[in-house]
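A look at the structure
Each chain is listed here by its residues.
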Amino acid sequence: MIADIILKAHADADMAFVNSGAIRCDIPPGKMTYGMLEDTLPYSDPLVLLAIEGELIQDILENAVSRIEKPAGCFLQIAGFSFTFDPKAEAFSRVSDIRVQGAPVAPDRTYKILTTRYIAKGGDDFLMLSEKKPLWTSKKKLREYIASYVKVKGTISAEVEKRIKRLED
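Residues numbered from 1 in each chain as written. Predicted model: local features only at pLDDT ≥ 70, side-chain atom pairs only at ≥ 80, totals over all residues. Heavy atoms only, no water.

Side note on the pairing of strand β2 (residues 46-53)
Put simply, the test is: Residue exposure (1.4 Å probe, protein chains only): buried if accessible area is under 20% of the type maximum, exposed if over 50%, otherwise partly exposed. What counts as a helix is a DSSP run of H or I of at least four residues, what counts as a strand is a run of E of at least two, and both are numbered from the N terminus. Only when DSSP finds a minimum of two bridges between them are two strands counted as paired.
Counting buried positions along β2 gives 6 out of 8 residues, so the element sits mostly inside the fold. With 3 bridges joining them, β2 and strand β8 (residues 136-141) adopt antiparallel strand pairing. Along β8, the bridge assignment pairs P46 with K141. Note: β2 against strand β7 (residues 110-116), 7 bridges, orientation antiparallel. Paired with L49 across the strands is L114, a residue of β7.

Below, the structure written as structure tokens:
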């Protein structure tokens, strides 16, 4: 849900992702307060829009699932794309079937991604993004986008949409 909300923050974005480490706790059903949102998203990171080559998406996703055996902050929550990974494959050889807006990723195409400044600067080992110059940086922080969305929507419910498919035995 967080990735879906930030995908709407910039009309030019093809996809969005936020690292799981940025999300510190669940929000229980019922009335949500801003304090709960601050507990869930304690970092005051703005969003950034980056232009990346399609071939770089594979590297980003390989990093995201590289430590899947143990919970890791680099695992991504995603919107605008999907992929499959094999947890039994060797690290950095796990990702396949990457689709952006339903179409197979084109290695030579440029995509626009929305993420947090932390990730854009190479946090959680996303070093492949650290050399990219932001096309746009939001004035609002991540949690402010979520708060605005909730305020407008009122009642919300998140569902598992199986954008990330894990190959099983």
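Details of the packing of aromatic side chains
Stated formally: Whether two aromatic rings pair depends on their centres lying within 6.5 Å, for rings of Phe, Tyr and Trp, where Trp uses its six-membered ring; planes under 30 degrees apart make the pair stacked, over 60 edge-to-face, and the rest tilted. Two thresholds decide whether a charge sits over a ring: the Lys NZ or Arg CZ must be within 6 Å of the ring centre and within 35 degrees of the ring normal.
Scanning the model with the defined rule gives 2 aromatic pairs in all. Taken together, a centroid distance of 6.4 Å and an interplanar angle of 75° make the contact between F17 and F81 edge-to-face. With F17 in strand β1 (residues 15-19) and F81 in strand β4 (residues 81-85), the pair connects residues that are 64 residues apart, well separated along the chain. Given a relative accessible area of 4%, F81 falls into the buried group. Both rings, one in F83 and one in F85, keep their centres 6.4 Å apart while their planes meet at 45°; by these two values the pair is tilted. Over the face of the ring belonging to Y145 we find K140, whose NZ or CZ atom lies 4.4 Å from the ring centre.

Concerning the sheet that holds β8
Heads up, the rule is: All axes here are fitted lines through C-alpha atoms, helices being fitted over the stretch that makes contact, and every angle between N-to-C directions spans 0 to 180 degrees. In what follows, a contact means two residues having at least one pair of non-hydrogen atoms within 4.5 Å.
Read from one edge to the other, the open sheet built from 5 strands follows the order β3-β1-β7-β2-β8, with strand pairing classed as mixed. Each edge of the sheet is formed by a strand with only one pairing partner; in this case those strands are β3 (76-79) and β8. Across the sheet, the mean angle separating the axes of adjacent strands is 25° when strand polarity is ignored. As defined by bridge partners, β1 adjoins β7 across 2 bridges and the pair is classed as parallel. Bridged to A16 within β7 is L114. Those strands touched by helix α3 (residues 54-64) are β1, β2, β3 and β7, and its axis lies near 125° from that of β2.

Re the environment of W136
By secondary structure assignment, the location of W136 is in strand β8. The partly exposed category is assigned to W136, whose relative accessible area is 24%. In contact with W136, other than residues within four places in its own chain, are A9, H10, L47, V48, L49, L114 and Y145.

Describing the layout of surface pockets
Think of a ball as big as a water molecule: rolled over the atoms, this probe shows where empty space is left. Heads up, the rule is: Residues are said to line a cavity or pocket when one of their atoms sits within 4 Å of a point; the points come from a 1 Å grid over protein atoms alone, cavities being sets where a 1.4 Å probe fits but cannot get out and pockets being open sets with protein on both sides within 12 Å along at least five of seven lines. Grid points are joined across faces, edges and corners, and a volume is the space filled by probe spheres set on the points. Basically, the charged four are Asp, Glu, Lys and Arg, the nonpolar ten are Ala, Val, Leu, Ile, Met, Phe, Trp, Tyr, Cys and Pro, and anything else, Gly included, counts as polar.
For the largest pocket, the calculated volume is near 1,200 Å³. If you trace the largest pocket, you find 40 residues lining it, with M1, I2, S157, A158 and E159 closest to the centre. Looking at the lining of the largest pocket, the elements with two or more residues in it are α1 (2-7), α2 (34-40), β3 and α5 (142-153). Here the element with the most residues in the lining of the largest pocket is α5; it accounts for 5 residues. Residue composition of the lining of the largest pocket, by class: 23 nonpolar, 8 polar and 9 charged.

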